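Now for the letters of each chain:
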Amino acid sequence: MRITKLNFEKKIVCIGAGYVGGPTMTVIADKCPQYKVTIVDINEEKIAAWKTDDLPIYEPGLLEVVKRTRDKNLFFSIDIPKEINEADIIFVSVNTPTKTFGEGKGKASDLQYLEKTAHAIVAASDSSKIIVEKSTLPVRTAEALEKILNSNAKGIRFDVVSNPEFLAEGTAIRDLENPDRVLIGSRETESGLKARQTLVDVYKNWVPDERIMRSNVWSSELSKLVANAFLAQRISSINSISALCEKTGADVKEISRAIGADSRIGNKFLNASIGFGGSCFKKDILNLVYISESLGLIEVAEYWENVIKINDYQEKRFVKRMLETMFNTLANKKIVLFGFAFKADTGDTRETPAYYVAKMLLEEHANVFITDPKALKNAKIDLAEYGDRIQYVEDPYEAAKDADAIAIMTEWNLYKELDYKKIYESMRKPAHLYDGRSILNQAEIKEIGFDTHTIGKQ
Ligand code: NAD
Ligand code: UGA
C-alpha cells in the first residue's frame, strides 16, 4: 500500500535526526500509530543509518522501538521541503551549540542551524503549521522565530510552541515513555492556546494529563536552561565536597547518603565524579550566564559560572592527584582510561571529562590507552589530532597489560564486574587504580595489591 498523508490523522515532521529527534519521534510514532511521523536531516549518512539496524546513536532499547515502527508510521527522509510542506506539526530538533566566533563567543548559543530551519520552513510551506521548539534555546527565541516565520508573503500562519526535552542519554526511551513531566509553553492568545492544545493532544496518547504542564512560552524556554543548571549545580556541589573529603577523611559517598536521605534534598544527582560531561550541561549554563550578563545581572551570571569552574577544577584535580601519587612524573607511563563516553550506556563523547583527562595526560607525556564498550569510534574522531600517541583497545584486559595505571572514567557496569586480580597481575608494579566514578570496592581493590585512589576518599 502506498503510504500517504491521507492514511493518517496527522502528519508530524521532525527536523534533526540526532540524539533528541531520533528517540523522541520514535516513541511518538510508537505511542501514536494514527500519526505519520517523519524525521528529516541534512546529514544524508545519518538518515541512511536510521534506515538500517546499525543506528547512528547507541541508546538502550531504541532499536527495538525503531524496528516496531519503521516503515509503518515512522519514516526517515532527506527530502526536507516535501516533508515540511506535508506536515501539520513540525518539531525543530537541530543542534544549538555554544558559539565559537563573534559576539558571545564561548557562551551564547549558536542559532544559525535554527534560523536556517526557520527559513526552510517558510520556503517550503503552502499551509499554516504548528512549529515546536524541541531544541534547547535561549529565552525569547520564540519571538525571533515568529518574526521569521510570519513575515512570509503567502498569507500562511505559524504558531510557535515551546516543548523542551528532558530526556537523559542512556535512559532516553524510559524517560520518553514515562516522563516526569512534559512541558508545553505557548503564547496565551487564542491561536497560541489552540496550538498548545494540539500538542497536548499528541502527548495525551500516553502521558497522564497531570504530567503535562502548560505555561507561557518564555517560562517553558527558560525552564529547560534552569533544569539543566540545577542538575549540574548539584554535581558541582557534591564534587566540591569531594575535594574536602579527600583532605579530611570524610567519605563523599557517606555524605551523599546522609544528605540525600533528607527528603528536601533528595538522593539523586549526588554522585561525586570526575566531572559532568555531555553536550548540554556546560552549553546550557554558559547560555544562562550569557543571557544574565546581557541583561546586566552580573551576580546571577557569576553564580552560575562557578558551577562550570568547579567542574573544570574537578577534572584538573583528578590528573593532579594521579601525578602526585605516581611520584610526580607520568612521562612514558602507560595509563589506561577505562571508559571514554560521558556516562554509561551511551556512545556519546561530547564534552566527556575523559577527553580533557586524556589531553592533560598527553601533556605530561604519558602513553595513553583508551578502552570503552561503545565509544571508541567517537573517541578516535575526538582525539584524531593526536594520531598514534593514543592507542584504542576494545578488550579492557588487553588494554591493561603492562600498564602503570588504570583510571576509571565511565561508570559502565562492565567495569564493576572485571576480574581485577587478573588485571593486577598483568600490570607493572606498583599498579595504580584511580576510580573517577567511585564504582569499585576500595578495600577489595587494595587487598589485591593496587595502590588505589577514589574520588572523595582520602
Ligand atoms: P545532534 O547534533 O545529535 O542532532 C541535531 C541534528 O540536526 C543533526 O543530525 C544535524 O545534522 C541536524 N541539522 C542541523 N541543521 C539542520 C537543518 N538546517 N536541517 C535539517 N537538519 C539539521 O543534537 P541533539 O543532541 O539531538 O540536540 C538537539 C537539541 O536538543 C539541542 O538544542 C540540545 O541542546 C537539545 N537537547 C539535547 C539532549 C541530549 O540528550 N542530547 C537532551 C535534551 C535537549
Ligand atoms: C542531562 C539531563 O539529565 C537531562 O534531563 C537533559 O535533558 C539533558 O542533559 C540535556 O538537556 O541534554 P544527560 O547529559 O544525557 O542529561 O545525562 P545526565 O545523566 O544528566 O549526566 C550528565 C553528566 O553528569 C554525566 O557526565 C554524568 O556522569 C554526570 N553525573 C550525573 C555525575 O557526575 N553525577 C551524578 O550524580 C549524575
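Treat the numbers as computed from the prediction; the structure is a model and nothing was measured. (Residues numbered from 1 in each chain as written. Chains lettered and ligands numbered in written order. Predicted model: local features only at pLDDT ≥ 70, side-chain atom pairs only at ≥ 80, totals over all residues. Heavy atoms only, no water.)

## Things to note about the sheet that holds strand E9 (residues 334-338)
Under the convention used in this document: For two strands to count as paired, DSSP must find a minimum of two bridges between them. The numbering of helices and of strands both runs from the N terminus, where a helix is a DSSP run of H or I of at least 4 residues and a strand a run of E of at least 2. Angles run from 0 to 180 degrees between N-to-C directions of axes, and those axes are lines fitted to C-alpha atoms, restricted for helices to the stretch in contact. Whether two residues are in contact is decided by their heavy atoms, any of which lying within 4.5 Å being enough.
Judged by pairing direction, the sheet is parallel, and its six strands sit side by side in the order E11-E10-E9-E12-E13-E14 without closing on themselves. Of all the strands in the sheet, just strand E11 (390-392) and strand E14 (451-454) have a single pairing partner and so form its edges. The average undirected angle you get between the axes of adjacent strands in this sheet is 20 degrees. The sheet contact formed by strand E10 (residues 367-371) and E11 spans three bridges and is parallel. Residue pairing for E11: Ile370 is matched across the bridge by Tyr392. Sheet contacts for helix H12 (residues 298-325): E9, strand E12 (405-408), strand E13 (432-435) and E14; angle to E13, the most-contacted strand, approximately 160 degrees.

## With respect to the side chain of Thr346
Applied cut-off: Between buried and exposed lies partly exposed: a residue is buried under 20% and exposed over 50% of the maximum accessible area for its type, with that area taken using a 1.4 Å probe on protein chains only. Between N or O atoms, a polar contact is any pair within 3.5 Å; within protein, one atom must be a potential hydrogen donor and the other a potential acceptor, and residues adjacent in sequence are included only when both atoms are from side chains.
Mapped onto the elements of the fold, Thr346 is located in the loop between E9 and helix H13 (353-363). The exposure class assigned to Thr346 is buried, which follows from its relative accessible area of 0%. A distance of 3.4 Å separates the side chain of Thr346 from the side chain of Glu169, its partner in a polar contact. A distance of 2.9 Å separates the side chain of Thr346 from the backbone nitrogen of Asp348, its partner in a polar contact. Residues contacting Thr346, with those up to four places away along its chain left out, are Tyr19, Tyr58, Glu169, Ala341, Lys374 and Trp412.

## A short note on the site of ligand 1
The condition is simple: A cutoff of 4 Å decides nearness: a residue is near a molecule or strand if any of its heavy atoms lies inside that distance of it. Calculation of accessible area relied on Shrake-Rupley with a 1.4 Å probe; when residues are assessed, cover is drawn exclusively from the protein chains displayed.
Surrounding ligand 1, one finds 26 residues, the nearest of these being Asp41, Lys46, Thr96, Glu169 and Lys283. In this structure, an oxygen atom belonging to ligand 1 sits 3.0 Å away from a main-chain N or O atom of Tyr19. Surface burial for ligand 1 is 91%, taken as the share of its 840 Å² of free accessible area covered by protein chains.

## Things to note about the packing of H12 against H13
Put simply, the rule reads: The cut-offs work like this: below 35 degrees is roughly parallel, past 145 is roughly antiparallel, 65 to 115 is roughly perpendicular, and the gaps in between are oblique. When the near helix sits turned anticlockwise from the far one by under a right angle, the crossing is termed left-handed; a clockwise turn instead gives a right-handed crossing.
The contact between H12 and H13 brings their axes to 10 Å, and the two run at 40 degrees. Judged on the interaxial angle alone, H13 and H12 are oblique. Judged by the twist between their axes, the crossing of H12 over H13 is right-handed. For the pair H12 and H13, contact is made by Glu315, Lys316, Phe318, Val319 and Met322 and by Pro353, Tyr356, Val357, Met360 and Leu361, respectively.

## A few points about the nonpolar core
Heads up, the rule is: The set of buried Ala, Val, Leu, Ile, Met, Phe, Trp, Tyr and Cys residues whose side-chain atoms join them within 4.5 Å is what this entry labels a nonpolar core.
In this structure, Ile12, Ile28, Phe91 and Tyr203 are the most contacted members of the largest nonpolar core, which totals 40 residues. Take this core: its biggest share by element is five residues, from helix H8 (residues 190-203). Discounting residues that sit within four places of it in the chain, Ile12 has contacts with Met25, Ile28, Tyr35, Lys36, Val37, Thr38, Ile89, Phe91 and Val202. Listed in part, the 35 residues of the second largest apolar core include Leu337, Ala354, Ala366 and Ile455.

## Details of the packing of aromatic side chains
Which entries qualify depends on this criterion: Put simply, two rings from Phe, Tyr or Trp (the six-membered ring, in Trp's case) pair if the centres are within 6.5 Å, and we call them stacked under 30 degrees between planes, edge-to-face over 60, tilted for the rest.
Within this structure, the stated rule accounts for ten aromatic pairs. Centre to centre, the rings of Tyr355 and Tyr356 are 5.2 Å apart; their planes meet at 85 degrees, and the pair counts as edge-to-face. Judged by its relative accessible area of 17%, Tyr355 falls in the buried class. Using a relative accessible area of 26% as the deciding quantity, one classes Tyr356 as partly exposed. Ring centres 5.1 Å apart and planes at 65 degrees place the aromatic pair Tyr424 and Phe450 in the edge-to-face group.

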